[in-house]
Amino acid sequence: MPKGIGRSAGILAVACICGIASGMFGIGGGVLLVPLLGLLFAFGQHRAQGTSLIALIPPTGILALLAYARGGFVSWKTGLLLIPGVFLGGILGGHLVKWIKPVKMRQIFAGILFALGAWQAFAAWWQ
Amino acid sequence: MTLVILLLGLVVGVLVGLLGIGGGVVLVPAMVYLLHMDQHMAQGTSLFILLPPIGLGALREYWKQGQVDLKAGLLCALGMLVGAYAGSLVALPLASRHLKGMFGCFLMISAVLLWRKSQVEGRPSRAAEETSHA
């Protein structure tokens, strides 16, 4: 495992890559950050998830959001309706993580994600 | 429709807390298919939802259990701020159809990475470490 400055620079570089995915696909970036912190920097799963959550607290997507807003690509009303649910659900999920073995759950999530991705790519390019 | 949107938020939120992700990766396809949004519109709206600290409640639970690396988290935030802007500049001129297809490919890559992390964790040494923390 790289130490000190090298490790910090590595984390920063990985975060930049996650950020590019974040701006390109309108996501938080945690879905890349969590596995990469684990695979490249030997974070335990819970620690990777907690660290990803703290990285998502500052409005990291704000510059990207402004760029989308300039293009007229933001539905403000739908966004406002989704925010309270995501917040409350987050607290619930944070509690649940203590009771559920995360390995199985993450594999199920990975499976769903893969199917969803395949469906999107198919719908976009072959339909 | 409003009820559907509120419920969708709750479901995505549970995933946020469980997996330590922002939720956009689920929100974007959900808005495309359930709310019939255009790919660019869904991505812009997802970025808007991620603007307030929606993960704060979940973070509190992780913080109490000492599972947060503050320094690494701040570094990640900085990198993502810059990277996200660069990414948006790439995405905005793309045709919606190609963006949707690329999003699909991205989801598949993320899924493989998540799956691989699960396998690493399955090794006995890591399993022992997990139980000693519990």
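Structure's up top.
Not measured: the values here are computed from a predicted model. Every chain's residues receive numbers from 1 upward, in the order its sequence appears when written. Each chain takes a letter, starting from A, and each ligand takes a number, starting from 1, following the order in which they are written. Where totals are concerned, whole chains, interfaces and linings use all residues; where local detail is concerned, this predicted model gives features only for residues with pLDDT of at least 70, and gives and counts side-chain atom pairs only at 80 or more.

Engineer: Can you help me understand the environment of Gly73(B) in this one?
Structural biologist: Strands are runs of DSSP state E lasting at least two residues, helices are runs of H or I lasting at least four, and both sets are numbered from the N terminus onward. Residue position: Gly73(B) is located in helix H5 (residues 70-91). Residues Gly73(B) and Met37(B), 36 residues apart in the sequence, show an inter-C-alpha distance of 32 Å.

Engineer: I'm lost on the interface of chain A and chain B in this one. Help?
Structural biologist: A common measure of how large an interface is: the accessible area buried when the components associate. C-beta atoms are first placed from the backbone for all residues, and any pair lying within 7 Å is then listed as a contact. Every contact between the two is made by 90 residues of chain A and, on the other side, 98 residues of chain B. Residue assignment for the side of chain A that touches chain B shows that the elements contributing at least two residues are helix H1 (4-25), helix H2 (30-41), helix H3 (45-55), helix H4 (62-70), helix H5 (76-96) and helix H6 (102-125) of chain A. Among the elements that make up the side of chain A that touches chain B, the one with the highest residue count is H5(A) (19 residues). Think of it as three bins: nonpolar holds Ala, Val, Leu, Ile, Met, Phe, Trp, Tyr, Cys and Pro, charged holds Asp, Glu, Lys and Arg, and polar takes everything else, Gly as well. Of the residues assigned to the side of chain A that touches chain B, the class counts are 57 nonpolar, 31 polar and 2 charged.

Engineer: Please explain H5(A) as it appears in this structure.
Structural biologist: The α-helix winds at 3.6 residues per turn, so residues separated by three or four positions along the chain end up facing the same way. Compared with an ideal rise of 1.5 Å per residue, which puts 21 residues at 30 Å, H5(A) spans 30 Å between its outermost C-alpha atoms and is within 8% of the ideal. At Leu82(A), H5(A) shows its strongest bend, of approximately 25 degrees, with the proline Pro84(A) following within four residues. Between the buried cut of 20 or more and the exposed cut of 12 or fewer other C-beta atoms within 10 Å of a residue's own C-beta lies the partly exposed class, and all C-beta atoms are placed from the backbone. Buried residues of H5(A): Thr78(A), Gly79(A), Leu82(A), Gly85(A), Val86(A), Phe87(A), Gly89(A), Gly90(A), Ile91(A), Gly93(A) and Gly94(A), and no others. Of the surrounding elements, those touching the buried residues of H5(A) are helix H1 (2-19), helix H2 (24-33), helix H3 (39-49) and helix H4 (56-64) of chain B. Expected span of a helix, by definition, is 1.5 Å for each gap between consecutive residues, and there is one gap fewer than residues. The angle between axes fitted to the seven-residue stretch ending at a residue and the seven-residue stretch beginning at it gives the bend at that residue.

Engineer: Mind showing me how you'd approach the packing of H5(A) against H3(B) here?
Structural biologist: For helices, the axis comes from a line fit to the C-alpha atoms of the stretch in contact; other axes are also lines fit to C-alpha atoms, and the angle between any two N-to-C directions lies between 0 and 180 degrees. Between H5(A) and H3(B), the shortest axis-to-axis distance is 9 Å and the interhelical angle comes to 45 degrees. With respect to H3(B), the element H5(A) is oriented oblique. Regarding H5(A) and H3(B), the two cross each other, and that crossing is right-handed. Side by side, H5(A) and H3(B) meet where Trp76(A), Thr78(A), Gly79(A), Leu82(A), Ile83(A) and Val86(A) of the first sit next to Thr45(B), Phe48(B) and Ile49(B) of the second. Oblique is the label for any angle not covered by the other classes, which are roughly parallel (under 35 degrees), roughly antiparallel (over 145) and roughly perpendicular (65 to 115). Handedness of each helix crossing follows the sense of rotation of the near helix against the far helix: counterclockwise by less than a right angle gives left-handed, clockwise gives right-handed.

Geometric values such as these leave the question of function open.
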